[in-house]
Amino acid sequence: MRILVVEDEQPLAEAIARGLRREGMAVDVAFDGESGHEKVAVTRYDVVVLDRDLPRMSGDELCREIVRSGALTRVIMLTASTTVEDRVAGLSLGADDYLAKPFAFAELVARVRALARRATPATPPVLIAADVQLDPAKRTVTRAGQLVDLTRKEFGVLEVLMAAGGTVVSSEELLERVWDENADPFTTTVRVTVMTLRKKLGEPGIIETVVGSGYRVPAAGKAVTAQDRA
């Protein structure tokens, strides 16, 4: 999932970003409202973690802009205020959730994951293709009951492909959904990651290459041939 953290306290913003990345999320950071607005205008985020008190454009105004855009992006507001009135005001702006500082990081992660599920079409709690099972909550992948050890990016690519329900996912979309803004759009990272993912998953293959379009995991029960993997 792709997350944007908009927080003007740089150490806090970077700490949140590091923690979310350890949870397997792709995270971008902005330190003021205008920068955050520029990022949401060009990237589809699942969730924006938004400080309410921001320079250059307030968190309230940025929240309004996100809601006005009609995007599926979900917003969780962070604030030092704990009053009921402030929470109600934030939710009235269109925010989906509200978390008062200081907060437990585990709670933030749980809330972000819950909001991200609402930002995308409903998917089963465990994704299954042939004998491969992926559990997004437990961050585990098994094949024929055996645990498969994947890196965060390999897991992210497989999750996006399996959640796509047999439709093709382009390399560009994989780059956007799994990596952050620092990824080079001309890199071979996606191709290399898919290659190592295929090796770890073993035979028969489940990831199909659609020449000129991208990759897909076919419907359950269909094995991928060597020609499909080319």
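Since the structure is predicted, the reported quantities are computational estimates derived from the model, not experimental observations.

1. Points about the domain arrangement of the protein
- With domains assigned, the protein is organised as domain 1 (2-119) and domain 2 (127-216).
- A separation of 27 Å is found between the C-alpha centroids of domain 1 and domain 2.
- Each partner contributes residues to the interface: domain 1 has 14 residues there, and domain 2 has 8 residues.
- Summed over both partners, the interface of domain 1 with domain 2 buries about 1,000 Å², with 32% contributed by carbon and sulfur atoms.
- Area buried by domain 1 at its contact with domain 2 is led by R2, A26 and R44, which between them contribute 41% of it.

2. As for helix α6 (residues 152-163)
- For α6, built from 12 residues, the straight-helix expectation of 16 Å at 1.5 Å per residue is met to within 8% by its first-to-last C-alpha distance of 16 Å.
- Taken residue by residue, α6 has E154, F155, G156, V157, L158, E159, L161 and M162 as its buried positions.
- Those residues of α6 that are buried lie in contact with β6 (127-129), β7 (132-135), β8 (140-143), α7 (171-178), α8 (189-201) and β11 (214-216).
- Once α6 ends, the next one or two residues include G165, with phi positive near 65 degrees.

3. A look at the environment of R87
- If you trace the backbone, R87 turns up in helix α4 (residues 84-92).
- C-alpha separation for the pair R87 and D32, spaced 55 residues apart in sequence, amounts to 21 Å.

4. With respect to the layout of surface pockets
- The computed volume of the second largest pocket comes to approximately 150 Å³.
- Forming the boundary of the second largest pocket are S171, E172, L175, P185, T187, T188, V190, R191 and Y215.
- Of all the secondary structure elements, the ones that give two or more residues to the lining of the second largest pocket are α7 and α8.
- The element contributing the most residues to the lining of the second largest pocket is α7, with 3 residues.
- Class assignment for the residues of the lining of the second largest pocket results in 4 nonpolar, 3 polar and 2 charged.

5. Points about the packing of helix α2 (residues 33-42) against helix α3 (residues 59-69)
- In contact at an axis separation of 10 Å, α2 and α3 are set at 15 degrees when each is read in the N-to-C sense. Taken together, α2 and α3 sit at an angle that is classed as roughly parallel. Here the hand of the crossing between α2 and α3 comes out right-handed. Residues G33, G36, H37 and V40 of α2 form the contact with α3, whose participating residues are L62, E65 and I66.
- Its residues assigned to classes, the contact of α2 with α3 shows 3 nonpolar, 3 polar and 1 charged.

The rules we used
Residues numbered from 1 in each chain as written. Predicted model: local features only at pLDDT ≥ 70, side-chain atom pairs only at ≥ 80, totals over all residues. Heavy atoms only, no water. Domains from an automatic or database assignment. Contact = heavy atoms within 4.5 Å. Buried area = accessible area lost by both parts, 1.4 Å probe. Helix = DSSP H or I, 4+ residues; strand = E, 2+ residues; numbered from the N terminus. Expected span 1.5 Å × (residues − 1). Buried < 20%, exposed > 50% of the residue type's maximum accessible area, 1.4 Å probe, protein only. 1 Å grid on protein atoms, 1.4 Å probe; cavity = no way out; pocket = protein on both sides within 12 Å on 5 of 7 lines; lining within 4 Å. Points joined across faces, edges and corners; volume = space filled by probe spheres on them. Nonpolar A, V, L, I, M, F, W, Y, C, P; charged D, E, K, R; others polar. Axes fitted to C-alpha atoms, helices over the stretch in contact; angles between N-to-C directions. Parallel < 35°, antiparallel > 145°, perpendicular 65-115°, else oblique. Left-handed = near helix turned anticlockwise from the far one by under 90°.

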